[in-house]
Amino acid sequence: METDIDKIEKSLNNLPEEIREAILSTDTADMMNEIAGIYKIEKEKQENLFGEIHLLLIGAVTGEEFMRDLIVTLPTSKDISEKIFIDVCELILDPIRDDIYIKNIGKKKVKVSL
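Residues numbered from 1 in each chain as written. Predicted model: local features only at pLDDT ≥ 70, side-chain atom pairs only at ≥ 80, totals over all residues. Heavy atoms only, no water.

### A look at unusual backbone geometry
Within the chain, K40 stands out as a residue other than glycine whose phi angle is a positive 50 degrees. Relative to the assigned elements, K40 resides in the loop between α3 (26-38) and α4 (43-57). Looking at K40, the relative accessible area reads 70%, which means it is exposed. (Helix = DSSP H or I, 4+ residues; strand = E, 2+ residues; numbered from the N terminus. Buried < 20%, exposed > 50% of the residue type's maximum accessible area, 1.4 Å probe, protein only.)

Set out below in structure tokens:
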């Protein structure tokens, strides 16, 4: 049976280098820690949060699945899981997308969708 870690590693290896580097960057790790702090996620539950965020970043789960899984893995309320999803989008996904877009301006047409 494939574990979440196996799923993450396999999906990461299939991503373009630029996206893989952004997901694994210290900036992304810092933002994940910031999100954990904002929502006062207990230290022992932070790995669950980070794993769920990585699954979302690599496209292994949808936003709906991410929020549903947070309710179970943290555990938390539906309202908090929605707020965490919004913060992940605004603090992590949007900056990654914007950075990749800016780096590719003037290059051959590249469609960036995260």
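### Looking at the packing of aromatic side chains
Taken as a whole and assessed by the stated rule, the structure comprises 1 aromatic pair. Ring geometry for F66 and F85: centres 6.1 Å apart, planes at 50 degrees, overall tilted. Placement of F66 in helix α5 (residues 63-73) and of F85 in helix α6 (residues 78-104) is noted, with a sequence separation of 19 residues between them. (Phe/Tyr/Trp six-rings, centres within 6.5 Å; stacked < 30°, edge-to-face > 60°.)

### Some thoughts on α3
Compared with an ideal rise of 1.5 Å per residue, which puts 13 residues at 18 Å, α3 spans 18 Å between its outermost C-alpha atoms and is within 8% of the ideal. All of the buried residues along α3 are T28, M32, I35 and A36. Looking straight down α3, one finds that the buried residues subtend no more than 100 degrees of arc, so they occupy a single side. Exposed side of α3, more than 90 degrees from the buried face: T26 and D27 are the residues found there. Summarising the contacts, the buried residues of α3 are in contact with α2 (17-23), α4 and α6. Trailing α3 by a residue or two, K40 shows a phi angle of about 50 degrees, which is positive. (Expected span 1.5 Å × (residues − 1). Arc of directions from axis to C-beta. Contact = heavy atoms within 4.5 Å.)

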